[in-house]
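# Report on the structure
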Amino acid sequence: MESGCWLVALAAVDGRQYVYRVYAPEDALPADLFWEAWHCHDEGPFPRAWDLFDAAEIRRVSRSGSRQCL
């Protein structure tokens, strides 16, 4: 199965948006991508991110063959 690079933007309580790069299969569920990014953010030093799935922006940016994820 081919994997790709996804960008997941999370809104935080400080009014900013934090963007995380998630490597996952091309057919990954959006909820899995969201939770992967949210847990990464939650373990970091930044202000709390909203744990609202509907507030996240998820976009696939590349496939594993190119590995040109920004």
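Each value, and the rule that gives it
- Residues numbered from 1 in each chain as written.
- Predicted model: local features only at pLDDT ≥ 70, side-chain atom pairs only at ≥ 80, totals over all residues.
- Heavy atoms only, no water.
- Helix = DSSP H or I, 4+ residues; strand = E, 2+ residues; numbered from the N terminus.
- Buried < 20%, exposed > 50% of the residue type's maximum accessible area, 1.4 Å probe, protein only.
- Contact = heavy atoms within 4.5 Å.
- Pairing = 2+ DSSP bridges.
- pLDDT = per-residue confidence, 0-100.
- Core = buried A, V, L, I, M, F, W, Y, C linked by side-chain atoms within 4.5 Å.
- Phe/Tyr/Trp six-rings, centres within 6.5 Å; stacked < 30°, edge-to-face > 60°.

### Concerning the overall build of the protein chain
- Assigned secondary structure in the protein chain consists of one helix and three strands.
- Helices and strands appear in the protein chain in the N-to-C order β-β-α-β.
- Evaluated residue by residue, the protein chain yields a buried proportion of 30% over its 70 residues.
- Partitioning the intrachain contacts of the protein chain with sequence separation of at least 6 by distance along the chain shows that 50% fall at a separation of at least 24.

### A few points about the pairing of strand β1 (residues 3-11)
- Note that β1 and strand β2 (residues 17-25) share nine bridges and pair antiparallel. The residue of β2 that forms the bridge with S3 is P25.
- What sits between the antiparallel neighbours β1 and β2 is a turn of five residues, in which G15 has the positive phi angle 85 degrees.

### Let's talk about the confidence of the model for the protein chain
- The predicted model of the protein chain has a mean per-residue pLDDT of 85, with 87% of residues at 70 or higher.
- Confidence scores differ between elements of the protein chain, with strand β3 (residues 57-63) showing the lowest mean pLDDT of 89 and β2 the highest of 94.

### Some points on the nonpolar core
- By size, the foremost hydrophobic cluster in this structure holds 15 residues, and its most contacted members are V8, L10, V22, A24, L33 and A37.
- Of all the secondary-structure elements, those providing two or more residues to this core are β1, β2 and α1 (30-42).
- Not counting residues up to four positions away in its chain, the partners in contact with V22 are G4, C5, W6, V8, L33, E36 and A37.

### A short note on the packing of aromatic side chains
- For the coordinates displayed, the defined rule picks out four aromatic pairs.
- Aromatic side chains F34 and W35 sit 4.9 Å apart centroid to centroid with 75 degrees between the ring planes, which places their arrangement in the edge-to-face category.
- Residue W35 is classed as partly exposed on the basis of its relative accessible area of 37%.
- Ring pairing ties together the aromatic residues F34, W35, W38 and F53, which thus form one cluster.

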